[in-house]
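A closer look at the structure
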Amino acid sequence: MRIRHLALATTATALLAVTAGCGGDSSTAAGSGDAVKTVSVTIEGVGEVTTDANLAKKVPGDIRDRGTLTVATNAPYEPFIDFKTEGRTDEFKGLDYDLFMAASARLGIKATFSQQPFDGLVPGLQAAKYDAIAGGITDKKERQQVATFVDYSASGTGFLVKTGNPLAVKTVADLCGRKVAVQKASNQAKNLADYSKSSCAGKAIEVKEYPENPQAVQALIAGNVEVVAATKVNLVDIAPTLTGKADLVEDPSAPNGWLASPNGFGFLKAQKELAQAYQAAVQSLIDDGTYTKILAQWKQEPIAVKTATIDQAID
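What you see is a predicted model; the values in this text were computed from it and never measured.

Further remarks concern the overall build of the chain. A count of helices and strands for the chain gives nine helices and 15 strands. Here the chain, with 315 residues, has 51% of them falling under the buried criterion. For the chain, the proportion of contacts with a sequence separation of at least 24, taken over those separated by at least 6, is 76%. Here the chain displays about 13800 Å² of accessible surface, and carbon together with sulfur accounts for 49% of that area.

This is the structure in structure tokens:
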């Protein structure tokens, strides 16, 4: 996906306890010690997700007793996060929203999402204004100075070709000597230029930059280029609208796309135990099929991973 650039604050502080009420239905009162709340949420198109008591005990005791958690996001950034109703900024929908709400319920936590300026997400997390950040955020090593990321999907570069793939493009190696359209100043522009220099001796990739991805796609359809290289998550959305005109290349060796970077939920670095609890919760959703259903609901199966990981940034 396109990189969402986050500014870094300069000082770290302890996580602030948040006592505001959050979304989701719950039963049983808050407890202490090993007591676990039961929280249930219903995910549209997926069904009910409820608490696993053993997983809930992985949550740090203060947060488990509090039973609530605030998540900062910046909408719209489809399909990961968007406003549920036009004109309202306090109700959300999207892949990240559904997955985070499901993982929270599995841990006995009620999560509330809060709209924030995008460039304030990481500084706000560092200043303990909220407990987590989510919304199509790429796990990057720079961001790990502040946050611990639970990586729940991965997306790299995908390739769009003319219907029937007449040039038999399968991997990035097949782009050597080809005209490839990219969005101007994108990761694809830089990465393909670098790849061409290092791996396409005598058959350079002719990288043609366009202001936006739609212009790159039109260049392919018009025959001005032979391939479009763009973030795979975006091409997954675009490809179904181009039936008979263009196809998305599927590379079994890189199912998440070329140079796939993980997308993650960010937690304050000092709260690694909380991040580990969410890692376990997401893994439980992967294992029981709920995760697959959520991705399918948002037509994002190609960015799925088999294992929830922590801090697996590639750059």
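Right, picking up where we left off after that structure.
A word on helix H5 (residues 187-199). Relative to the 18 Å expected for 13 residues at 1.5 Å per residue, H5 spans 17 Å between its end C-alpha atoms, a close match to the ideal helical length. Within the sequence span of H5, burial applies to Gln-188, Ala-189, Leu-192, Tyr-195 and Ser-196. The buried residues of H5 all sit within an arc of 135 degrees when viewed along its axis, so they share a single face. Seen from the buried face of H5, the exposed residues on the opposite side, beyond 90 degrees, are Lys-190, Lys-197 and Ser-198. Tucked into the core, H5 has its buried residues touching strand E9 (147-162), strand E10 (179-183), strand E11 (206-210), strand E12 (227-231) and strand E14 (258-268).

Turning next to the state of the cysteines. Here, disulfide denotes a covalent bond that connects the sulfur atoms of two cysteines. In this structure the tally under the stated criterion is one disulfide. Across the disulfide, Cys-176 is cross-linked to Cys-200 (sulfur-sulfur distance 1.9 Å). Taking the torsion about the S-S bond as the criterion, the Cys-176 to Cys-200 disulfide, at about -65 degrees, is left-handed. Remark: Cys-200 occurs in the loop between H5 and E11 and Cys-176 occurs in the loop between E9 and E10; sequence separation between them is 24 residues.

The rules behind each value
Residues numbered from 1 in each chain as written. Predicted model: local features only at pLDDT ≥ 70, side-chain atom pairs only at ≥ 80, totals over all residues. Heavy atoms only, no water. Helix = DSSP H or I, 4+ residues; strand = E, 2+ residues; numbered from the N terminus. Buried < 20%, exposed > 50% of the residue type's maximum accessible area, 1.4 Å probe, protein only. Contact = heavy atoms within 4.5 Å. Areas by Shrake-Rupley, 256 points an atom, 1.4 Å probe, with all protein chains shown as cover. Expected span 1.5 Å × (residues − 1). Arc of directions from axis to C-beta. Disulfide = S-S within 2.5 Å.

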